[in-house]
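# A structural walkthrough
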Amino acid sequence: MGNLSRARRVTAALGFIGLLFAVLGIIMIVMVPSIIKQQVLKNVRIDPNSLSFNMWKEIPVPFYLSVYFFNIVNPEGIIQGQKPQVQERGPYVYREFRHKSNITFNNNDTVSFLEYRSYQFQPDKSLGQESDYIVMPNILVLSASMMMENRPGLLKLMMTLAFSTLGQRAFMNRTVGEIMWGYDDPLIHLINQYFPNSLPFKGKFGLFAELNNSDSGLFTVFTGVKNFSRIHLVDKWNGVSKVNYWHSDQCNMINGTSGQMWAPFMTPESSLEFYSPEACRSMKLVYKEQGVFGGIPTFRFVAPSTLFANGSVYPPNEGFCPCRESGIQNVSTCRFNAPLFLSHPHFYNADPVLAEAVSGLHPNPKEHSLFLDIHPVTGIPMNCSVKLQLSLFLKSVKGIGQTGNIQPVVLPLMWFEESGAMEGETLETFYIQLVLMPKVLHYAQYVLVALGCVLLLIPIIYQIRSQVSSGQSMAWAEWSLACLLGGRRGLSQIPQLSLPAVPMDTACTLSLHPLRAAVLGLCLGWGAIHHCILAFPAPSVTTSLPVLGG
């Protein structure tokens with residue numbers, strides 16, 4: 001009885017534990033997705049108490065700026081009217097450091113900040129040194145010549161004499177460091193002296209001089225604390241909600257984010273839109289495919305073919321005109337009126353005539369397309385590569401001798417790639433918290449339900465077996481009593497008991513408990529049965545007995 005009572009307690013305990021497991025698993029199936037969503041919403045907003053705040057403030061991802069220059073092979077030939085020949089040089093790689101300052105939380109659910117950037121040359125990652133010389137168009141001379149195209153001939157003559165006096169030519173030979181971060185030029189001092197405020201810079205002139213040790217303007221973005229639907233969207237840039245560089249309200253709109261984080265829970269129908277101060281416009285990327293980066297699922301977004309299309313190909317871009325061939329964007333209105341154009345490297349995704357007009361260009365999607373890999377659940381970039389090219393429109397200007405017989409051409413100056421990928425401890429922490437733990441919880445909930453169901457079966461099976469065993473014992477007692485009272489005659493007094501047929505034979509093989517075998521022997525003796533073979537399903541030993549009685 002003690003063992004029986006103990007077995008009942010154990011099975012009852014297992015059943016109770018199974019019930020708990022099953023209930024907990026079902027609760028997890030219902031509640032875990034909602035809990036994960038709430039945690040994501042809580043931790044991606046711009047709030048000092050959120051987990052992503054420090055990542056937003058001090059970007060832990062190492063960013064690199066890789067610059068490729070188009071060295072002019074035949075500068076004198078171009079002046080004489082020949083087709084330009086270029087040779088790509090680089091990359092010249094710089095580590096980019098970013099940090100936010102002047103962070104101010106406003107009462108309208110926004111935060112304002114300045115993001116400062118600085119660059120440090122990386123010789124080990126570069127194919128060349130900053131001391132390398134590059135032959136490229138003299139942007140100041142050629143831009144000034146274009147501006148004087150429709151001016152009186154006397155002014156053109158004066159400019160030609162000024163260029164000659166200062167030793168200025170259509171092409172220059174400068175080091176990478178000078179082209180990037182600036183060089184002293186007497187022409188700049190002359191222009192600033194006689195035409196003050198005509199140039200947006202003083203002193204040195206360089207393509208990236210304004211970007212180093214400077215900020216990208218005052219951004220004001222929505223935090224998502226009070227209104228999550230607008231999280232990370234730009235409210236204002238430098239105090240304005242739209243710029244005035246372009247010729248339509250749509251093109252002047254400041255749309256999307258500041259280009260660092262996006263709203264979570266993306267779908268393939270989502271798009272990435274951000275405002276770029278360097279491009280003076282908002283850009284929209286479109287979904288391409290799913291992928292995996294460092295074990296983390298991602299959505300890849302790329303530039304649509306219409307990003308730099310002209311107005312005739314894509315009417316919404318009409319506001320960025322005056323336009324030339326499709327695939328390049330005129331940015332002169334936000335670059336001191338110099339005839340500069342923005343595009344993909346090597347004129348990828350542009351009108352083929354642009355690349356055909358310059359020898360040495362080889363556009364291809366693998367090397368010259370841009371992409372951003374975003375973790376769709378959080379909207380945080382995992383891996384990005386933004387590639388853009390800067391080109392200058394050249395042509396001969398009648399009356400200015402330095403321009404010679406240059407044929408009209410959009411000549412690429414350089415292209416650059418801003419890239420960054422999450423790595424190291426940051427990537428590992430991100431993987432554990434946002435991929436591994438949710439995956440463990442996902443499988444754990446179904447394991448708990450399955451284990452709970454298995455444990456619940458134990459007391460059910462035990463109860464069934466107990467009832468079956470109890471019924472067999474009762475039947476044996478009734479059959480034995482009837483046998484003692486009168487053999488088969490006694491058995492007939494218990495009509496509800498169905499006995500197996502007892503064939504006559506010379507031996508009786510019994511699979512019985514010894515006590516049951518003894519009782520059965522007496523029964524068979526009194527019943528004058530010569531032989532019998534009975535098999536009972538109860539636990540037994542096999543015994544061969546002689547038949548009692550003749």
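An unreviewed UniProt entry annotates the chain as Scavenger receptor class B member 1 originating from Bos mutus grunniens.

Next up on the list: the overall build of the chain. Looking only at helices and strands, the chain has 12 helices and 18 strands in total. Taking all 550 residues of the chain together, the buried fraction comes to 45%. Of the contacts made within the chain by residues no fewer than 6 positions apart, 65% connect residues no fewer than 24 positions apart. Carbon and sulfur atoms provide 58% of the accessible area of the chain, an area that totals close to 27,800 Å².

A few words now on the pattern of salt bridges. Should their charged atoms come close, side chains of opposite charge can pair. Scanning the model with the defined rule gives 11 salt bridges in all. The closest approach of N and O atoms between Arg-117 and Glu-278, which form a salt bridge, is 2.7 Å. Within this pair, whereas Arg-117 is found in strand S3 (residues 110-121), its partner Glu-278 is found in the loop between strand S8 (271-276) and strand S9 (281-293), the two being separated by 161 residues in sequence. Arg-117 gets classed as buried once you look at its relative accessible area, which sits at 7%. With relative accessibility at 31%, the residue Glu-278 sits in the partly exposed group. In this structure, Lys-242 and Asp-249 form a salt bridge, with 3.4 Å as the shortest nitrogen-oxygen distance. Residue classification places Lys-242 among the partly exposed positions, given a relative accessible area of 41%. Connected through shared salt-bridge partners, Glu-96, Arg-98 and Glu-418 make up one network.

This part takes up the side chain of Thr-175. As for its position among the elements, Thr-175 is in strand S5 (residues 171-175). Of the residues examined, Thr-175 reaches a relative accessible area of 12% and is grouped as buried. Sequence-distant contacts of Thr-175, that is, excluding residues within four places in its chain, are made with Glu-130, Ser-131, Asp-132 and Tyr-133.

Let us look at helix H5 (residues 153-166). Taking 1.5 Å per residue as the helical rise, H5 with its 14 residues ought to reach 20 Å, and the 20 Å between its terminal C-alpha atoms agrees with that figure. Every buried residue of H5 is listed here: Lys-156, Met-159, Thr-160 and Phe-163. Mapping the buried residues of H5 onto a view down its axis gives an arc of 100 degrees, with all of them on the same face. Projecting away from the buried face of H5 at angles above 90 degrees are the exposed residues Leu-154, Leu-161 and Thr-165. A positive backbone phi angle near 75 degrees is found at Gly-167, which sits one or two residues after H5.

Attention now goes to the UniProt feature "transmembrane region" (unreviewed entry) in the chain. In the numbering adopted here, UniProt assigns the feature "transmembrane region" (unreviewed entry) to residues 12-36 and 443-464. Its end C-alpha atoms 35 Å apart, residues 12-36 is made of 100% helix and 0% strand.

This part is about the state of the cysteines. In a disulfide, the sulfur atoms of two cysteines are held together by a covalent bond. Taken as a whole and judged by the stated rule, the model has two disulfides. Note on cysteine connectivity: Cys-280 is disulfide-linked to Cys-334, with sulfurs 2.2 Å apart. Of note, the bridge from Cys-280 to Cys-334 carries an S-S torsion of about 90 degrees and is right-handed in sense. With Cys-280 in the loop between S8 and S9 and Cys-334 in the loop between strand S11 (328-330) and strand S12 (340-343), this residue pair connects regions lying 54 residues apart in the sequence.

All right, on to the pairing of S8 then. Two strands pair when backbone bridges link them, and S8 and S9 are joined in this way by six bridges, in the antiparallel orientation. Across the sheet, residue Ser-276 finds its bridge partner in S9, namely Arg-281. In this antiparallel pair of consecutive strands, S8 and S9, the connection spans four residues, and Cys-280 shows a positive phi of 60 degrees.

Following Gly-90, the chain continues to Pro-91 via a peptide bond in cis, the omega torsion being 15 degrees. Mapped onto the secondary structure, Pro-91 falls in strand S2 (residues 86-105). One non-glycine residue with positive phi stands out, namely His-232, at about 70 degrees. The residue His-232 is located in the loop between strand S6 (214-222) and strand S7 (234-237) in this model. For His-232, a relative accessible area of 4% puts it in the buried group. We note that Asn-238 has phi near 55 degrees; this positive angle belongs to a residue other than glycine. Within the fold, Asn-238 resides in the loop between S7 and helix H8 (249-252).

With that settled, the discussion passes to the nonpolar core. Among the nonpolar cores identified, the biggest contains 110 residues, and Phe-69, Tyr-94 and Met-180 are the most heavily contacted of them. Ranked by residues supplied to this core, first place goes to strand S14 (residues 380-394) with eight residues. Once you skip the residues sitting within four places of it in the chain, Tyr-94 turns out to touch Phe-63, Tyr-64, Leu-65, Tyr-119, Gln-120, Phe-121, Gln-122, Glu-130, Val-176, Met-180 and Trp-181.

Here we come to helix H4 (residues 139-147). With eight of nine residues buried, H4 is to be regarded as a mostly interior element. Those residues of H4 that sit buried are Ile-139, Leu-140, Val-141, Leu-142, Ser-143, Ala-144, Ser-145 and Met-146.

Now for the confidence of the model for the chain. Scored by pLDDT, the chain comes out at a mean of 82, with 83% of its residues at no less than 70. Averaged pLDDT values for the elements of the chain fall to 38 in strand S18 (residues 541-545) and rise to 97 in strand S1 (residues 63-72). Scored below 50 in pLDDT, residues 487-491 shows nine contacts in the model against residues more than four places distant or in partner chains. Note that residues 494-550 has pLDDT below 50 and, in this model, 85 contacts with residues that lie over four places away or in other chains.

The rules we used
- Sequence order as written defines the numbering, with residues in each chain counted from 1.
- Given that the model is predicted, a residue must reach a pLDDT of at least 70 before its local features are reported, and side-chain atom pairs must reach 80 or more before they are shown or counted; all residues, however, enter totals for whole chains, interfaces and linings.
- Water and hydrogen atoms play no part in the side-chain values, which are based on all heavy atoms of the structure.
- Secondary structure elements follow DSSP: runs of H or I of four or more residues count as helices, runs of E of two or more count as strands, with numbering from the N terminus.
- Each residue is placed in one exposure class: buried if its accessible area under a 1.4 Å probe, protein chains only, is under 20% of its type's maximum, exposed if it is over 50%, and partly exposed if it falls in between.
- Should any heavy atoms of two residues lie within 4.5 Å, those residues are considered in contact.
- All accessible-area figures derive from a Shrake-Rupley calculation using a 1.4 Å probe, and residue coverage is judged against the displayed protein chains alone.
- Salt bridges are defined by distance alone: a side-chain nitrogen of Lys or Arg within 4 Å of a carboxyl oxygen of Asp or Glu.
- In a helix, the anticipated span is given by 1.5 Å times the number of residues less one.
- Within this analysis, the arc is defined by the directions that extend from the helix axis to the C-beta atoms.
- UniProt positions are given in the numbering used here, feature names are shortened, and annotations may be inferred rather than shown by experiment.
- Cysteine sulfur atoms that pair up within 2.5 Å are treated as a disulfide.
- In this description, strands pair whenever DSSP reports at least two bridges between them.
- Working definition of a nonpolar core: buried Ala, Val, Leu, Ile, Met, Phe, Trp, Tyr and Cys residues. They are joined through side-chain atoms within 4.5 Å.
- Each residue carries a pLDDT score, the predictor's own confidence in it, on a scale running from 0 to 100.

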